[in-house]
Amino acid sequence: MHLIVIAIFYFLLVSCGPSSDSPKYKFEQFISKIEDEPEDPTLHYNLGKAYIEDKKYNSALKALVEAIRLKEDYGEAYREKGIALFYLKRYFDAEKALSKSFSLNPANADIATDLGSIFIATGNLKKSLRFLKIAQIRDNNMHIVFNNMGAAHAEIGQNKQAIGYWEKALEVHPLMTEVHINMGVVYERMGKKKKAIAAYQKALEQDDRNAMAHYNLGVIHAKNKDILKAVESWQKASKLDSKDEKVLASLGWAYESLGKKKKALQETLKAIKLEPFNSQTHYTAGRIQSDLGNFDKALDALGKAVNLDPEFGDAYYRLGIAYDNLNESRDAISNILIAEIVYHKKKEMDLFKKMGEELKPLFEKYELTRKHFSQLQLPDTLKGYDVNKKPKRIKTSKDK
């Protein structure tokens, strides 16, 4: 079953200032000037900033890389490059660019704030808090600093401290939608669902087009077993952000829960196009294809799931079922035997015993025994694992 989870925290960078000209006009201006002065790093830098303002991060990155090529110690260009990389979710590359920028401009508090965000993304929370404290001491963009301090503390499980920082952020900037969403995430973690719902609703009062708020509200509805309300929230999130595979996968799960398997498959396949390396989503597609009687397509999807995760017990079991429906005797039994080993290794003994029960009628149907599978082909991670081997017991001096 698809695991429905709350979306991660918002952690923010210091945003670009408001633009007085339309992006298109700015692009045309800078590109025209660059044609006349192609070796001017400032023009490439300004073009990169304009692209960031218009959320064209790949184009921004190209322009900023060129600015740095022309001027190796261009601290501001490194900073904007880091921002572009951040929004492209290339967090470790963003960290390098912003660290370089800070080394060139250590007095710039904005860069300290941005590094605080980047280190949250890369999992280095100690460094994140260090840079955020630098920004806090310099009293710079405090609403962003407090928001990110809250996100950092929440990441290490200090929920009360996180809420405290977000309350401070709202005192400075009452209309920060992101802060209400972050508070909702932590309230949900704390089991305070009513407060979480109120936080997401507050965010949506301020910005009804916030996809994350709609998505997270749907998660709480799903956990409350109100699938219809969850679908309503996730449909809104999907309309606002059609490129979020998490939303599509969740919609697939919801439609499947409602018995609408064809719609579930449609959303799941969309999610796979956006994130082709998610074993769980391939498994979901394979399971639904199998339930719909499309066994060849099920085999393809489930095969991708076990290639991505060689110890995916449920996928092996479903492969066995699909092969059995195609009367492929050896493949059917082999995959359930592998599932049996996986469950034993993971100490999921109820499922291990279930596989034994599932295998009995298959051995009878195909007139085979376990001995016929003594040369079973296993994934590398399972080779040499013996389900019959008893664990070693550590003896004490009282044992004979």
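The structure displayed is predicted, hence computed values, not measured ones. (Residues numbered from 1 in each chain as written. Predicted model: local features only at pLDDT ≥ 70, side-chain atom pairs only at ≥ 80, totals over all residues. Heavy atoms only, no water.)

What follows covers the packing of aromatic side chains. Centre-to-centre distance and the angle between the planes together describe a pair of aromatic rings. Summed over the entire model, instances satisfying the criterion amount to eleven aromatic pairs. Judged by centre distance (5.0 Å) and plane angle (15°), the ring pair of Tyr57 and Tyr87 falls under stacked. Taken as a pair, Tyr57 in helix α3 (residues 57–70) and Tyr87 in helix α4 (residues 75–87) lie far apart in primary sequence, 30 residues in all. The partly exposed category is assigned to Tyr87, whose relative accessible area is 38%. Linked through ring pairs, Tyr57, Phe86, Tyr87 and Tyr91 together constitute an aromatic cluster. It is Lys71 that lies over the ring of Tyr74; its NZ or CZ is 4.6 Å from the centre. (Phe/Tyr/Trp six-rings, centres within 6.5 Å; stacked < 30°, edge-to-face > 60°. Helix = DSSP H or I, 4+ residues; strand = E, 2+ residues; numbered from the N terminus. Buried < 20%, exposed > 50% of the residue type's maximum accessible area, 1.4 Å probe, protein only. Lys NZ or Arg CZ within 6 Å of the ring centre and 35° of its normal.)

Moving on: the nonpolar core. Counting residues in each nonpolar core, the largest one holds 72 residues, and the members touching the most others are Leu47, Ile52, Leu115, Trp166, Val179, Met183 and Tyr200. Here this core takes eight residues from helix α8 (residues 142–155), the largest share from any one element. Residues Phe312, Ile338, Tyr343 and Phe373 belong to the second largest nonpolar core, which totals 34 residues. (Core = buried A, V, L, I, M, F, W, Y, C linked by side-chain atoms within 4.5 Å.)

Turning next to helix α16 (residues 279–291). With 13 residues, α16 ought to run about 18 Å at 1.5 Å a step, and its terminal C-alpha atoms sit 18 Å apart, in line with that. Where burial is concerned, most of α16 is hidden: eleven out of the 13 residues are buried. Within the span of α16, buried status applies to Ser279, Thr281, His282, Tyr283, Thr284, Ala285, Gly286, Arg287, Ile288, Gln289 and Ser290. Of the surrounding secondary structure, the elements contacted by the buried residues of α16 are α14 (245–257), α15 (261–274), α17 (295–308) and α18 (313–325). (Expected span 1.5 Å × (residues − 1). Contact = heavy atoms within 4.5 Å.)

Compared with an ideal rise of 1.5 Å per residue, which puts 13 residues at 18 Å, helix α12 (residues 211–223) spans 19 Å between its outermost C-alpha atoms and is within 8% of the ideal. Where α12 is concerned, the buried positions are Ala211, Met212, Ala213, His214, Tyr215, Asn216, Leu217, Gly218, Val219, Ile220, His221 and Ala222. Buried residues along α12 sit against α10 (177–189), α11 (193–206), α13 (227–240) and α14.

In contact at an axis separation of 7 Å, α18 and helix α19 (residues 329–345) are set at 165° when each is read in the N-to-C sense. It follows that α18 is roughly antiparallel to α19 by the angle criterion. α19 is crossed by α18, and the crossing has left-handed handedness. Residues Gly313, Asp314, Tyr316, Tyr317, Leu319, Gly320, Tyr323 and Asp324 of α18 pack against Asp331, Ala332, Asn335, Ile336, Ile338, Ala339, Val342 and Tyr343 of α19. Per-class residue counts for the contact of α18 with α19 are ten nonpolar, three polar and three charged. (Axes fitted to C-alpha atoms, helices over the stretch in contact; angles between N-to-C directions. Parallel < 35°, antiparallel > 145°, perpendicular 65-115°, else oblique. Left-handed = near helix turned anticlockwise from the far one by under 90°. Nonpolar A, V, L, I, M, F, W, Y, C, P; charged D, E, K, R; others polar.)

Let us look at the pattern of salt bridges. Evaluation of the coordinates by the stated rule reveals 18 salt bridges. Glu232 is the salt-bridge partner of Lys236, the closest N and O atoms lying 3.8 Å from each other. Taken together, the residues span about one helical turn, with Lys236 and Glu232 both in helix α13 at a distance of four residues. Classification of Lys236 by relative accessible area gives partly exposed; the value is 39%. The salt bridge partner of Lys383 is Asp380, with a shortest N-O separation of 3.1 Å. By relative accessible area, which is 54% here, Lys383 ends up exposed. One salt-bridge network, held together by shared partners, links Arg79, Glu80 and Asp114. (Salt bridge = Lys/Arg side-chain N within 4 Å of Asp/Glu carboxyl O.)

Looking at the element boundaries, Glu267 is found in helix α15. Using a relative accessible area of 10% as the deciding quantity, one classes Glu267 as buried. Excluding its chain neighbours within four sequence positions, the residues that come into contact with Glu267 are Leu248, Leu251, Gly252 and Tyr255.

These figures capture arrangement, not role.
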